[in-house]
Amino acid sequence: MQDMLLDMRSITKTFPGVKALDNVSLQVKTGEIHAICGENGAGKSTLMKVLSGVYPAGSYDGEIHYDGALTEMRDIADSEARGIIIIHQELALVPLLSIAENLFLGNENARGGVIDWRDTNRRTEVLLRKVGLRDAPTTQVEKLGVGKQQLVEIAKALAKDVRLLILDEPTSALSESDSQKLLDLMLELKAQGMTQIIISHKLNEVRRVADSVTVIRDGQSVSSFDTSDGITEDRIVRDMVGRSMENRYPERTPEIGERIMRVADWSVYHPEHDDRQVIKDVGFDVRAGEVVGIAGLMGAGRTELAMSIFGRSWGQNISGTVEMHGQPADVSDVSRAIAAGLAYVPEDRKSLGLILDDSITRNITISNLPDVARGPVLNEHAEKRVAEKYRGDLGIRTPGVFQKVVNLSGGNQQKVVLSKWLFAGPEVLILDEPTRGIDVGAKYEIYGLINDLAAAGKGVVMISSEMPELLGMCDRIYVMNEGAFVGEMPASDASQERIMSLIVNN
Amino acid sequence: MSMAEDTNQKAGGSGRLAEYLTAHLREYGLLFALIAIMAFFQVVTSGTLLRPINLTNLLLQNSYIVIMALGMLIVIVAGHIDLSVGSVMGFVGALAAVMVVNWEVPIAVTMATCVVVGALIGGAQGYWVAYWKIPSFIVTLAGMLVFRGLSLWLLEGQSVGPFPREFQVIATGFVPDVLPGGEALKGVLGTRNFNVLACAIGIIAASWVVWSGLRKRAHNKAYGIEDEPRAFFVVRTAIIALALVFILYKLATFRGLPNVLLTMGVLTVVYAFITERTVLGRRIYALGGNEKAAKLSGIKTERLTFLAFVNMGILAAIAGLVFAARLNTATPKAGFALELDVIAAVFIGGASMSGGVGRIVGAVVGAFLMGVLNNGMSIMGIGIDYQQMIKGLVLLAAVIFDVYNKKKG
């Protein structure tokens, strides 16, 4: 039997009123990659906070055996000193500092308070090479893409003599190819003998890198097994959600009607570089009851396309036409775009979609306040009625509609954003990565809602980086690459291979 | 999402009273802090604080801060700041003095011009903040210097005054007692004077507070909106109503209802209504809460920001008129560093530096809290040095309290 590097035994952590962790066990062997799977709110993050000392010894029950000895972490510095390093979903780099400065932040290579830059840069280069980066150590982190930033984070961990590297949803913000690179790096580090824990929703990734898996559900460790035992994805999903999930995409019989929206010759230039054309003569249409997908890699210009159509919220020097029901529509600012019947559910719901410190009610009604007001005066009771209606219709799980949205899970927050846009009464909804960062169960619900919208005769444009999702949900798919549409196909003819080859060959 | 966040939701049912208090500690805290401070000074000044004449003074002294705090609250809720209000106030006062005293322009025309000038000044600054995205801190810092300089230039470094009687009335006048019975009541109560109108307004205002509070409770109950626990409601409403009656009664026994108090009261009610009950108000909070999300929700964020500064300019102009009328002269130093008192009042009143949070009532109470501190310490003969230090610490304590509360909640 291999050595155990980490053995967490019957960890129980209670917060006032709720058991966040109930008798959870986690065993990680030296030199393996161990995956922790579970829905949002299942307790994965809490478990990692116990491990890293955010919740210090004494604030939980149970034992942590690390490196063969009973260990009590006092705080994060303590766990880091023992070589346990977590890379969080939200990266913790200082964007305006250089790579080298970031790598040695708080751990500066100094003598008597004076930093030895030459040595720092040299060591940075060595570390960067380890994670496969060729950028100069003096490059500002801000200038790197998210994928490279993620790698810098890992280099930063390596600079600290890491023994147990924990990656919390490392690929959630990465493109397909960046994700692949990251996973390759994980395997390489494993080959060098490093023990790693990956927290992920994405089962294909788990299958690719993990040697063993622990599934957590509702604060309990449900199952734990080696991937070599021939465990299927379905089994993991079943353990995660507590039921079997045969069909990940709910059934829908499309009833496609008249064309609602038509966009033609749409061109957009970059807001800061007026010679850079980001969207190139794009045209598409959407019919009533239809779900139209826009496939493409990250950076293909899909979000820019959507936001530029929605009230010119992105870019400059925009040209082209938008027609609604065959009539030219004025979409020159957001309120006109809304009036024309458009809605845009943004990719980044926390910074663009919601006012986090406001209540569910206020977030929903903000898109259409005149409807809950008499003249200029708001009617709070009408507001509550509206919020309660959507809470019921969309199944927003909350103790009350005056709850702040910051307290909701990702899936429920997304339902609030959807409610907000439904309340504006649009004919066409543009959904930008509608299921990003949402767990499997909630994804299924969001899919159901999208189908309901189509069934109600709305047109839905769905932008997604997850191709299976587009294939499972859409009636028709456009393929976008480098700012232009390079293909269009009915979903029945579409496959991941066909979409990829269109992207690669253009 | 972490489980810790889930906990907040699930604890919903238990310990409702305590939980409500924690959630609204700031609002109650502010009210009780004001009462405690007033009680303290009432005792240590052996009753001078609440003497009718001092009470009248207290209201007049703080009127221009309160008026500007209304505008500042909106600017701060929208996510900005205005450092120029002290200078703008001084400049408008100077303009009024030059127009009335030197040029002998009719008072009504002067006042209208001053308000328009205030709006233009606010607009001129708001334009850069809203449409050019220049940080308001910098734009209004520039404005602070520019309008301080303009006042000096306009007054040629001299004080200009005095104003004619009709102008002074803005700040120092009292609403005439139109109700009968003053003479009789004076005798009954054994006071030197009795203004029936002031007393009646106190009673009407108190009744309105009680009535509207009850009505809102009834409505909320009917619609199942969670409300403050009954005990809190009763105590809070009783305190406010009694305070209104008490203050207006005290004023009635002196010279009656100051014009300024009426102006201040009406403005406060109007702005509280706009911010809390109207579409416009909600949009301002949304803008401050998350500008990008607000913009993508169809809110014209630039225009709202611009208007917030225009409004601030108008209120600074009104404050300038009141201030000049009260001092009966315009000096180049008028309004110096006053912006800091205004901003402090808004933050003591619970507004958040990052925008989206804060209430009109809080800002007004915050302004009076500072005012009572000033007034009480002056009566006690505490030096200006200590006064400054104490006020600074009060501001810091209020904000620390906010941050602590937010962390805990």
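What you see is a predicted model, and the numbers here were worked out from it, not measured in a lab.

Looking only at helices and strands, chain B features 18 helices and zero strands. For chain B, the spread of C-alpha atoms along the three principal axes comes to 70 × 65 × 40 Å. The buried share of chain B, taken over its 409 residues, is 51%. The average position of the 31 basic charges and that of the 20 acidic charges among the side chains of chain B differ by 5 Å.

The next point concerns the sheet that holds strand E13 (residues 259-269) of chain A. Residues and elements named next belong to chain A. One open sheet accounts for four strands, arranged E14-E13-E16-E17; its pairing is antiparallel. The sheet terminates laterally at strand E14 (277-287) and strand E17 (327-328), the two strands that pair on one side only. Two elements, E13 and strand E16 (residues 316-324), share six bridges in a ladder whose sense is antiparallel. Bridge pairing in E16 links tyrosine 269 to glutamine 316. Where helix H9 (residues 302-309) meets the sheet, its contacts fall on E13, E14 and E16, and the angle it forms with E14 comes to roughly 70°.

All names here are of chain B. Mean pLDDT over chain B: 89, with 96% of residues reaching 70 or higher. Averaged over each element, pLDDT in chain B is lowest for helix H1 (residues 3-10) (39) and highest for helix H6 (residues 107-132) (97). The low-confidence segment residues 1-14 (pLDDT under 50) makes 33 contacts with residues lying over four places distant or belonging to another chain.

Of note, B:Ser87 is situated in helix H5 (residues 85-102). Non-local contacts of B:Ser87, meaning those with residues more than four positions away in its chain, are made with B:Gly143, B:Met144, B:Phe147, B:Arg148, B:Ser151, B:Gly335 and B:Glu339.

This part covers the interface of chain B and chain A. Taken together, the 34 residues of chain B in the interface contact 53 residues of chain A. For the pair chain B and chain A, the summed buried surface comes to about 3600 Å²; carbon and sulfur atoms form 59% of the total. On the surface where chain B and chain A come into contact, there are one salt bridge. The salt bridge involving B:Arg282 is made with A:Glu383; its shortest N-O contact spans 2.7 Å. Our count for the chain B to chain A interface comes out at eight residue pairs in polar contact (both at pLDDT 80 or more). When contributions to the side of chain B that touches chain A are tallied by element, the ones reaching two or more residues are H1, helix H10 (196-223), helix H12 (259-277), helix H13 (279-289) and helix H14 (291-296) of chain B.

All right, on to the packing of H12(B) against helix H17 (residues 360-380) of chain B then. Residues and elements named next belong to chain B. Closest axis-to-axis distance for the H12/H17 pair is 9 Å, and the angle between their directions is 145°. Across from Met264, Thr268, Tyr271, Ala272 and Thr275 in H12, the residues of H17 making contact are Ile360, Val364 and Phe368. Residues belonging to the contact of H12 with H17 are distributed by class as follows: six nonpolar, two polar and no charged.

This brings us to the UniProt feature "domain: ABC transporter" (unreviewed entry) in chain A. UniProt records the feature "domain: ABC transporter" (unreviewed entry) at residues 6-243 and 261-503 of chain A, using the numbering of this structure. End-to-end, the C-alpha atoms of residues 261-503 of chain A are 25 Å apart, and along that stretch the chain is 35% helix and 28% strand.

With that out of the way, let us pick up unusual backbone geometry. All names here are of chain B. In this structure, the amide linkage connecting glycine 161 to the following residue, proline 162, adopts the cis form with an omega of -10°. Take proline 162: it is sitting in the loop between helix H7 (136-155) and helix H8 (165-172). A positive phi angle is found at lysine 133, which is not glycine, with a value near 55°. For lysine 133, the position within the fold is in the loop between H6 and H7.

Another point: the packing of helix H4 (residues 52-77) of chain B against helix H15 (residues 301-327) of chain B. Residues and elements named next belong to chain B. Where H4 contacts H15, the axes come no closer than 7 Å and their chain directions differ by 170°. Here H4 lies roughly antiparallel to H15, going by the angle between them. In this structure, H4 contributes Asn57, Leu60, Gln61, Ser63, Tyr64, Ile67, Met68, Leu70, Gly71, Met72, Ile74 and Val75 to the contact, and H15 contributes Ala308, Phe309, Asn311, Met312, Leu315, Ala316, Ile318, Ala319, Val322, Phe323 and Arg326. Partitioning the contact of H4 with H15 into residue classes produces 17 nonpolar, five polar and one charged.

What follows is about the side chain of A:His65. Residue and element names in this part refer to chain A. Take histidine 65: it is sitting in strand E4 (residues 61-66). Side chain to side chain, histidine 65 and arginine 9 meet in a polar contact 3.1 Å long. What histidine 65 contacts, discounting residues up to four positions off in sequence, is Leu5, Leu6, Asp7, Arg9 and Leu70.

Conventions we followed
- Residues numbered from 1 in each chain as written.
- Chains lettered and ligands numbered in written order.
- Predicted model: local features only at pLDDT ≥ 70, side-chain atom pairs only at ≥ 80, totals over all residues.
- Heavy atoms only, no water.
- Helix = DSSP H or I, 4+ residues; strand = E, 2+ residues; numbered from the N terminus.
- Buried < 20%, exposed > 50% of the residue type's maximum accessible area, 1.4 Å probe, protein only.
- Lys, Arg positive; Asp, Glu negative; His and termini not counted.
- Charge placed at Lys NZ, Arg CZ, Asp CG, Glu CD.
- Pairing = 2+ DSSP bridges.
- Contact = heavy atoms within 4.5 Å.
- Axes fitted to C-alpha atoms, helices over the stretch in contact; angles between N-to-C directions.
- pLDDT = per-residue confidence, 0-100.
- Buried area = accessible area lost by both parts, 1.4 Å probe.
- Salt bridge = Lys/Arg side-chain N within 4 Å of Asp/Glu carboxyl O.
- Polar contact = N/O pair within 3.5 Å; in protein donor to acceptor, adjacent residues only side chain to side chain.
- Nonpolar A, V, L, I, M, F, W, Y, C, P; charged D, E, K, R; others polar.
- UniProt positions renumbered as here; feature names shortened; annotations may be inferred.
- Parallel < 35°, antiparallel > 145°, perpendicular 65-115°, else oblique.

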